[in-house]
Amino acid sequence: MIARRECVRWVAVLLVVLLLAGLVGCTGRDAHERRASEVNKFSRRFEAALEKQGFEVNEGYVQLWGVEDCPNSLPVLGGCDFNNPTAPYLFPAVPYWPDEFVDPGLVGAFGETRPGYGTTFRLDPNEAIVLLGYLPPEAAYLGIQSYLFTRKGDYQTDNETYEYHVSFGSKDLFFHKMPLSPERIGSWDSLSDSTNNVVIERQSGSVWEQFRYLIVTADQQTETQVRQVLGKLSVAEKDIFTQPIPSNVRIGLDKDADDFLTLIRYSMPADGGGPGTASDTWRHDPSLAVLRIRFKGADRSAQRYPAWDEDSPEPRTGVSEAYLQSDLAGLVHKVAETWGQPCQADDCSGRALTFVDAQSEPFNLLGPKCIKIGMDCLGDTQDASYKFTYAPGFDNGEVYAVVGTLGTETGNATYVSLALNNTRLRLGAKNVDHNKLAGSATPGFYPGVNNLDKLYVYYFTRNCEGLEELTHGFCMSVEDTEFVIPRGTNASFVEREYIKVGTQRGPDSALTLPSVLLILRGSGQQ
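A. Focus on the overall build of the protein. Looking only at helices and strands, the protein has twelve helices and 22 strands in total. Taking 526 residues into account, the globule formula puts the C-alpha radius of gyration at 24 Å, and the protein, at 25 Å, falls close to it. For the protein, the residues scored as buried account for 57% of the 526 residues in total. Partitioning the intrachain contacts of the protein with sequence separation of at least 6 by distance along the chain shows that 81% fall at a separation of at least 24. Put simply, the protein shows about 21500 Å² of open surface, and 52% of that area lies on carbon and sulfur atoms. Side-chain charges in the protein split into 48 positive and 68 negative, and the spacing between the mean points of these groups amounts to 5 Å.

B. Layout of the nonpolar core. Counting residues in hydrophobic clusters, the biggest one holds 32 residues, and the most contacted among them are Ile129, Leu191, Ile245, Phe260 and Ile264. Looking at which element gives the most residues to this core, the answer is strand 5 (residues 139–152), with four residues. Filtering out sequence-adjacent residues up to four positions away, isoleucine 245 remains in contact with Leu123, Ser146, Leu191, Val216, Thr217, Ala218, Phe260, Arg304 and Tyr305.

C. Looking closely at the environment of glutamate 468. Among the structural elements, glutamate 468 can be located in helix 12 (residues 468–471). In this structure glutamate 468 comes out as partly exposed when scored by relative accessible area, which is 43%. For the pair glutamate 468 and glutamate 160, spaced 308 residues apart in sequence, the C-alpha separation works out to 45 Å. Looking at glutamate 468, its side chain comes within polar contact range of the main-chain nitrogen of glycine 466, at 3.0 Å.

D. Local environment of the sheet that holds strand 15 (residues 384–391). Spatial strand order, 14-15-21-17-18: five strands in an open sheet with antiparallel pairing. In this open sheet, the two strands that pair with only one neighbour each are strand 14 (356–357) and strand 18 (427–433). Across eight bridges, strand 15 lies against strand 21 (residues 491–498) in antiparallel orientation. Residue threonine 389 lies in a different strand from strand 21, and its bridge partner there is phenylalanine 493.

E. A look at unusual backbone geometry. Cis geometry marks the peptide bond from glutamate 361 to proline 362; its omega dihedral reads 0°. Positioned with a positive phi, arginine 426 is a non-glycine residue whose angle comes to about 50°. Of note in this structure, histidine 472 is not a glycine but carries a positive phi near 60°. In this fold, histidine 472 is placed in the loop between helix 12 and strand 20 (475–477).

F. Molecular detail of helix 3 (residues 160–168). Three or more residues of helix 3 are buried, namely Thr161, Tyr162, Tyr164 and His165. For helix 3, the arc enclosing every buried residue in end-on projection is 160°, short of the 170-degree limit, so these residues lie on one face. Among the exposed residues of helix 3, those oriented more than 90 degrees off its buried face are Glu160 and Ser167. On its buried side, helix 3 packs onto helix 4 (171–174), strand 14 and helix 9 (367–373). Of the residues that open helix 3, the one with a side-chain oxygen 3.3 Å from the backbone nitrogen of threonine 161 is asparagine 159.

G. Summary view of the state of the cysteines. As enumerated under the stated definition, the model contains four disulfides in all. The disulfide partner of cysteine 70 is cysteine 80, and the S-S distance across this bridge is 1.5 Å. Handedness here is read from the sign of the S-S torsion; for cysteine 70 and cysteine 80, about 80°, the answer is right-handed. Taken as a pair, cysteine 70 in helix 2 (residues 70–77) and cysteine 80 in the loop between helix 2 and strand 2 (89–95) lie far apart in primary sequence, ten residues in all. Assigned by exposure class, cysteine 70 and cysteine 80 land together as buried. Paired by a disulfide, cysteine 464 and cysteine 475 hold their sulfur atoms 2.1 Å apart. An S-S torsion of about -80° defines the bridge between cysteine 464 and cysteine 475 as left-handed. Highlighted residues: cysteine 464 in the loop between strand 19 (455–461) and helix 12 and cysteine 475 in strand 20, separated in sequence by eleven residues. Counting its disulfide-bonded cysteines in sequence order, the protein shows a connectivity of 1-2, 3-4, 5-6, 7-8.

H. The pattern of salt bridges, seen in detail. This model, assessed by the stated rule, comprises 29 salt bridges. Its salt-bridge partner being lysine 238, residue aspartate 239 comes within 3.3 Å of it at the nearest N-O pair. The exposure class of aspartate 239 is buried, given its relative accessible area of 11%. Owing to a relative accessible area of 40%, lysine 238 belongs among the partly exposed residues under this scheme. Linked through salt bridges whose partners overlap, the residues forming this network are Glu56, Asp99, Asp124 and Arg294.

I. Summary view of the sheet that holds strand 13 (residues 352–354). Ordered in space as 13-22-16-19-20, the five strands form an open sheet in which the pairing is mixed. Of all the strands in the sheet, just strand 13 and strand 20 have a single pairing partner and so form its edges. On average, each strand axis in the sheet is inclined to that of its neighbour by 20°, with strand direction left out of account.

How each quantity is defined
- Residues numbered from 1 in each chain as written.
- Predicted model: local features only at pLDDT ≥ 70, side-chain atom pairs only at ≥ 80, totals over all residues.
- Heavy atoms only, no water.
- Helix = DSSP H or I, 4+ residues; strand = E, 2+ residues; numbered from the N terminus.
- Rg over C-alpha atoms; globule rule 2.2 N^0.38 Å.
- Buried < 20%, exposed > 50% of the residue type's maximum accessible area, 1.4 Å probe, protein only.
- Contact = heavy atoms within 4.5 Å.
- Areas by Shrake-Rupley, 256 points an atom, 1.4 Å probe, with all protein chains shown as cover.
- Lys, Arg positive; Asp, Glu negative; His and termini not counted.
- Charge placed at Lys NZ, Arg CZ, Asp CG, Glu CD.
- Core = buried A, V, L, I, M, F, W, Y, C linked by side-chain atoms within 4.5 Å.
- Polar contact = N/O pair within 3.5 Å; in protein donor to acceptor, adjacent residues only side chain to side chain.
- Pairing = 2+ DSSP bridges.
- Arc of directions from axis to C-beta.
- Disulfide = S-S within 2.5 Å.
- Salt bridge = Lys/Arg side-chain N within 4 Å of Asp/Glu carboxyl O.
- Axes fitted to C-alpha atoms, helices over the stretch in contact; angles between N-to-C directions.

Right, here's the structure in full:
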């Protein structure tokens, strides 16, 4: 009898737990639907107000583009532009204007869209693209940024940056024509500093799950008019943000004009981002409205914004990591010794590759510098530092140890990403974030090295099984598949450090130490 009562009690408890779980899930869905309805209602009021002011208004939508969409983009892009494999991008997809030239060689660049819509677009001198609605749940990073996408013409070859990339073997990554529109060059170059979560919070007071407004335009008059309409609808000025399209790009709707895109990055949500979470729901069905508008009155000249030049980006700061130089070098040696493959030279030359600072001379992965010479900046942002190195491949039992400073511990980052790339496809294949890098270098693993709490060691090889005593579990297996690193394909690594602590931009990369790629012999390598 007692056992039966106990059983009934546990069944009752289980039913309550299941009921509460269902209520939570239902509440989350209801909240999302309520917000979507609120955005839709405000958008209708906004559209009506714009039309009264002489604007033509069309609705767009937001399109998700992730690593699984890369195969469909390859014919148009020629690669996947080193996407983040764990943080799919979101693009506003807008309806084309009736008088806008649509390049058939660029359609579907970021996945198939609804008929008559595109994720890339030309810009009428008197138009704006407006995003409005609820921002996503809390995450490590949110950034919205507009870019030059392609440009008619050719890239310049009489400069130090081009010569550097020829010698480095990266010329085709950063200087290239569009495969199906060979009269145009790839120029995914930033046009302003991004509107990120720190910028939004500092200006408006809060960011996550808040209703905010973003204007993308090349015309200051249009921006002013849109802000005035929003103001009449009781929108606070502090909640409105602008991505200005600068005067050193070619606006217009004709065939020879530049084309553009706006990108939303959303990384490492606090709820984990798994299926059914609020962040996953937002990512796949964001509570955002997209409007494409233009003034229908008499033709007027655009009041352009200042040019976006080398001195335009917001200055960046950083914590000098120079004091960790000897510790980093010591850790590289200690890793090699642990594997029974000690370095013969002080700098492990012949065994180690030093990451290159991609934002400094002569690499120059900076939007305004790229625009000037026709270089493809591959979606650069000043919200992060970029460090890059090649890896020979994974066909001969190689084990790669990436050894570096951890920006989240040195004060130079709030979010760190270490990505393994399929270089041929410009595809981000694997990614490790700072949470997985933390704790990978300890005195128990690598005795005799100082400041290990500010350093990391992470391994990449075909199969991590059986290597636990050497890798301590900080290892990623790399599949021999088409969209990871297939046999015969070279790889590369990119380390990104996002948003220096206490600032709204990435760290000054000149103050950070370059990571080191140590090449070790695995079981299949002689």
